[in-house]
Amino acid sequence: MLQPHIPSGSCPDASRLVRVLKLELRGITKRFGSLLANDHIDVVVEPGQIHCLLGENGAGKSTLMNVLYGLYEPSEGEILIDDKPVFFRGPGDAMAAGIGMVHQHFMLVPVFTVAENVALGAETTKAVGFLNLEDTRRKIKEISDRYGFAVDPDALVEDLPVGVQQRVEIIKALVRDARVLILDEPTAVLTPQETDELLDIMRQLKSGGTSIVFISHKLREVKAVSDTITVIRRGKVVGSADPGDSTTALASMMVGRAVSLTLDKAPPNL
Ligand SMILES: Nc1ncnc2c1ncn2[C@@H]1O[C@H](COP(=O)(O)OP(=O)(O)OP(=O)(O)O)[C@@H](O)[C@H]1O
Ligand SMILES: [Mg+2]
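Report follows, based on the coordinates. (Residues numbered from 1 in each chain as written. Chains lettered and ligands numbered in written order. Predicted model: local features only at pLDDT ≥ 70, side-chain atom pairs only at ≥ 80, totals over all residues. Heavy atoms only, no water.)

So, the site of ligand 1
By nearness alone, 14 residues border ligand 1, and Gly58, Gly60, Lys61, Ser62 and Thr63 come closest of all. The contact in question runs from an oxygen atom of ligand 1 to an N or O atom on the backbone of alanine 59, over 3.1 Å. One nitrogen or oxygen atom from the side chain of threonine 63 is found 2.5 Å from an oxygen atom belonging to ligand 1. Out of a free accessible area of 630 Å², ligand 1 has 62% covered by protein chains. When residues of the shell around ligand 1 are traced back to their parent elements, those giving at least two are β2 (35-45) and α1 (61-68). When residues in the shell around ligand 1 are grouped by element, the largest group, three residues, is from α1. (Near = heavy atom within 4 Å. Polar contact = N/O pair within 3.5 Å; in protein donor to acceptor, adjacent residues only side chain to side chain. Areas by Shrake-Rupley, 256 points an atom, 1.4 Å probe, with all protein chains shown as cover. Helix = DSSP H or I, 4+ residues; strand = E, 2+ residues; numbered from the N terminus.)

Okay, here's the thing in structure tokens:
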């Protein structure tokens, strides 16, 4: 699982060796009673790539990611890391394998500080019931400086703008050494400026060797940041697309019929 990841153009340097994962979802099927939310889905997330899952509301994107993060047991199919099948009994197993997830709805405690929230998530306890806040504060500063997050470890979460709260969620995952980061509709809660900042953060994470599974139905963002696009419709993969494909082509693939977009520009909700 340990492989050298040398950013292109740089010299080999032991301090820059990071763990990169190849992740594969093979034949993942998830049923809720008679509802087939995921129908034999195959997706390969190559190391160090931003892989977009593009699909309309209800397509099955979050369900698939909840399976990957160990929250749901698949009805069928398997997850492979570096070509070896893995079984996750819960998110703890997924995290231990290097997978982190920022959910559509954040999981932060508003009345706690950033460091307290990160420490809670990372379970960095010195003794049962005591959070190792000093270590956590130091790690937050390190990560924040490395990626230009500008997050104050001592700020109260409820005082922070949504975009910064989201960075706290990303830090929570990075503190736990996530090598694949799942971002479930991360831009739905952001202003256009915050969205552009997040896209920059995603590019930086990628250049540091972190793979990202980016869930979205907004074509501008998808085209701006993705390396690979998998389109999901009604629980099935309907194909792969290229970020260079036109918004019209992507929109048609996503909704399953010809879509006419004036001047090839997506409407605001795409
Ligand atoms: N826990 C659940 N129990 C029953 N049905 C569910 C459950 N979770 C999701 N579903 C159903 O599975 C289908 C896929 O939902 P999912 O949330 O995965 O879609 P999505 O692509 O993430 O959509 P959105 O863009 O709205 O977030 C939907 O029909 C949804 O109602
Ligand atoms: Mg969803």
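A few points about the packing of aromatic side chains
Counted by the stated rule, this structure contains two aromatic pairs. Each ring, one from phenylalanine 32 and one from tyrosine 72, has its centre 5.4 Å from the other, and the planes form 80 degrees; the classification is edge-to-face. Here phenylalanine 32 is found in strand β1 (residues 23-32), whereas its partner tyrosine 72 is found in the loop between α1 and β4 (76-81), with 40 residues between them in sequence. Residue classification places tyrosine 72 among the partly exposed residues on the basis of a relative accessible area of 31%. (Phe/Tyr/Trp six-rings, centres within 6.5 Å; stacked < 30°, edge-to-face > 60°. Buried < 20%, exposed > 50% of the residue type's maximum accessible area, 1.4 Å probe, protein only.)

Remarks on unusual backbone geometry
It is generally the case that most residues other than glycine have a negative phi and that most peptide bonds are trans. The phi torsion at glutamate 185 lies on the positive side, around 45 degrees, for a residue other than glycine. Checked against the element boundaries, glutamate 185 lands in the loop between β9 (180-184) and α6 (192-207). Overall, the relative accessible area of 10% leaves glutamate 185 in the buried class.

Comments concerning the coordination of the magnesium ion (ligand 2)
Surrounding the magnesium ion (ligand 2) are the protein donor atoms Ser62 (OG) and Gln104 (OE1), at 2.0 to 2.7 Å. You can see serine 62 sitting in helix α1 and its partner glutamine 104 sitting in the loop between β6 (99-102) and α3 (114-122), a full 42 residues away along the chain. A relative accessible area of 21% places serine 62 in the partly exposed class. (Donors = N, O, S within 2.8 Å, 3.2 Å for Na, K, Ca; no water.)

Quick look at the side chain of lysine 30
Along the chain, lysine 30 turns up in strand β1. With no salt bridge to any partner, buried lysine 30 finds its closest opposite charge in glutamate 73, at an N-O distance of 7.2 Å. Reaching out from lysine 30, the side chain makes a polar contact with the backbone oxygen of glutamate 73 at a distance of 2.8 Å. When near neighbours in sequence (up to four residues on either side) are disregarded, lysine 30 contacts Leu35, Leu36, Ala37, Asn38, Thr63, Val67, Tyr72, Glu73, Pro74 and Ser75. (Lys, Arg positive; Asp, Glu negative; His and termini not counted. Salt bridge = Lys/Arg side-chain N within 4 Å of Asp/Glu carboxyl O. Contact = heavy atoms within 4.5 Å.)

What to know about the pairing of β4
Sheet topology note: the β1/β4 ladder contains five bridges and is antiparallel. For leucine 23, the partnering residue across the bridge sits in β4 and is isoleucine 81. Two strands pair when backbone bridges link them, and β4 and strand β5 (residues 84-86) are joined in this way by three bridges, in the antiparallel orientation. Bridge assignment links leucine 80 to a residue of β5, and that residue is proline 85. The hairpin formed by β4 and β5 contains two residues between the paired strands, and aspartate 82 there has a positive phi angle of roughly 50 degrees. (Pairing = 2+ DSSP bridges.)

As for the environment of alanine 241
Looking at the element boundaries, alanine 241 is found in strand β12 (residues 236-241). A relative accessible area of 11% means that alanine 241 is categorised as buried. With eleven residues separating them in the primary sequence, alanine 241 and threonine 230 have C-alpha atoms 6.3 Å apart. Leave out the neighbours within four places in its chain, and alanine 241 touches Thr228, Ile229, Val231, Leu250 and Met253.

Focus: the packing of helix α5 (residues 162-175) against α6
Their axes nearest at 10 Å, the elements α5 and α6 cross at an angle of 20 degrees. When the axis of α5 is compared with that of α6, the two are roughly parallel. Two packed elements cross with a definite hand, and for α5 against α6 that hand is right-handed. Here Val162, Gly163, Gln166, Arg167, Ile170 and Leu174 of α5 come into contact with α6, specifically with Glu194, Glu197, Leu198, Ile201 and Leu205. Each residue belonging to the contact of α5 with α6 can be placed in one class, and the counts come to six nonpolar, two polar and three charged. (Axes fitted to C-alpha atoms, helices over the stretch in contact; angles between N-to-C directions. Parallel < 35°, antiparallel > 145°, perpendicular 65-115°, else oblique. Left-handed = near helix turned anticlockwise from the far one by under 90°. Nonpolar A, V, L, I, M, F, W, Y, C, P; charged D, E, K, R; others polar.)

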